[in-house]
Amino acid sequence: MKVKVAVTAVSGKKEKEQGWVRFTPINGKWVWEDFGAHFNLNLLTKFVAPGLYELDLENSALGFGERPKYQVEAVKFLGAFTELAANT
């Protein structure tokens with residue numbers, strides 16, 4: 001599923017198998033928590049700055065009532081927070 005999100009943190013340590021991204025969905029509704037997702041380290045260069053992104057997410061949670069387990073499949077950078085703030 002493709003979602004527009006605000007990415008606030010990214011971790012891509014070379015000694016780890018996968019990276020981790022922290023984000024909050026931007027869908028016009030109130031969201032009371034942020035989410036996290038793993039990604040292949042080959043996507044690390046796509047996360048250029050904290051800001052707005054479109055993420056293609058896959059949820060690998062299998063059981064009923066299980067918390068989501070997101071994996072980032074694709075990343076599209078939409079704009080950095082600093083750029084957006086400069087335009088207001």
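What counts and what doesn't
Residues numbered from 1 in each chain as written. Predicted model: local features only at pLDDT ≥ 70, side-chain atom pairs only at ≥ 80, totals over all residues. Heavy atoms only, no water. Helix = DSSP H or I, 4+ residues; strand = E, 2+ residues; numbered from the N terminus. Buried < 20%, exposed > 50% of the residue type's maximum accessible area, 1.4 Å probe, protein only. Contact = heavy atoms within 4.5 Å. Core = buried A, V, L, I, M, F, W, Y, C linked by side-chain atoms within 4.5 Å. Salt bridge = Lys/Arg side-chain N within 4 Å of Asp/Glu carboxyl O. Polar contact = N/O pair within 3.5 Å; in protein donor to acceptor, adjacent residues only side chain to side chain. Pairing = 2+ DSSP bridges. Axes fitted to C-alpha atoms, helices over the stretch in contact; angles between N-to-C directions.

A. Local environment of the environment of L57. Looking at the secondary structure, you find L57 in strand 4 (residues 51–59). A relative accessible area of 6% means that L57 is categorised as buried. A C-alpha to C-alpha distance of 5.6 Å links L57 and Q71, two positions 14 residues apart in sequence. Setting aside chain neighbours within four positions, we find L57 in contact with M1, V3, F23, A37, Y70, Q71 and V72.

B. Structural detail: the nonpolar core. If you look at the biggest cluster of nonpolar residues, it comprises 14 residues, and the most contacted ones within it are V21, F23, F47, L55 and V72. Not counting residues up to four positions away in its chain, the partners in contact with V21 are V7, A9, V10, F35, G36, A37, F39, F47 and V72.

C. A look at the pattern of salt bridges. Taken as a whole, this structure holds two salt bridges when the rule is applied. Note that D34 is salt-bridged to R22, the shortest N-O span being 3.8 Å. In this pair, D34 is assigned in the loop between strand 2 (18–25) and strand 3 (35–40) and R22 in strand 2, connecting sequence segments twelve residues apart. When its relative accessible area of 34% is taken as the criterion, D34 is described as partly exposed. With its nearest N and O atoms 2.8 Å apart, the salt bridge here joins K69 to E66. In this structure E66 comes out as partly exposed when scored by relative accessible area, which is 32%.

D. Examining the side chain of Q71 more closely. Structurally, Q71 can be placed in strand 5 (residues 70–80). The exposure class of Q71 is buried, given its relative accessible area of 19%. At a separation of 3.4 Å, a polar atom in the side chain of Q71 contacts the side chain of Q18. The contacts of Q71, once residues within four sequence positions are left out, are Q18, A37, H38, F39, N40, D56, L57 and E58.

E. How the structure looks around the sheet that holds strand 2. Read around the closed barrel, five strands run 1-2-3-5-4, paired in mixed fashion. Adjacent strand axes in the sheet meet at a mean angle of 50° when their direction is disregarded. The pairing of strand 3 with strand 5 spans three bridges and is classified as parallel. What sits directly across from F39, in strand 5, is V72.

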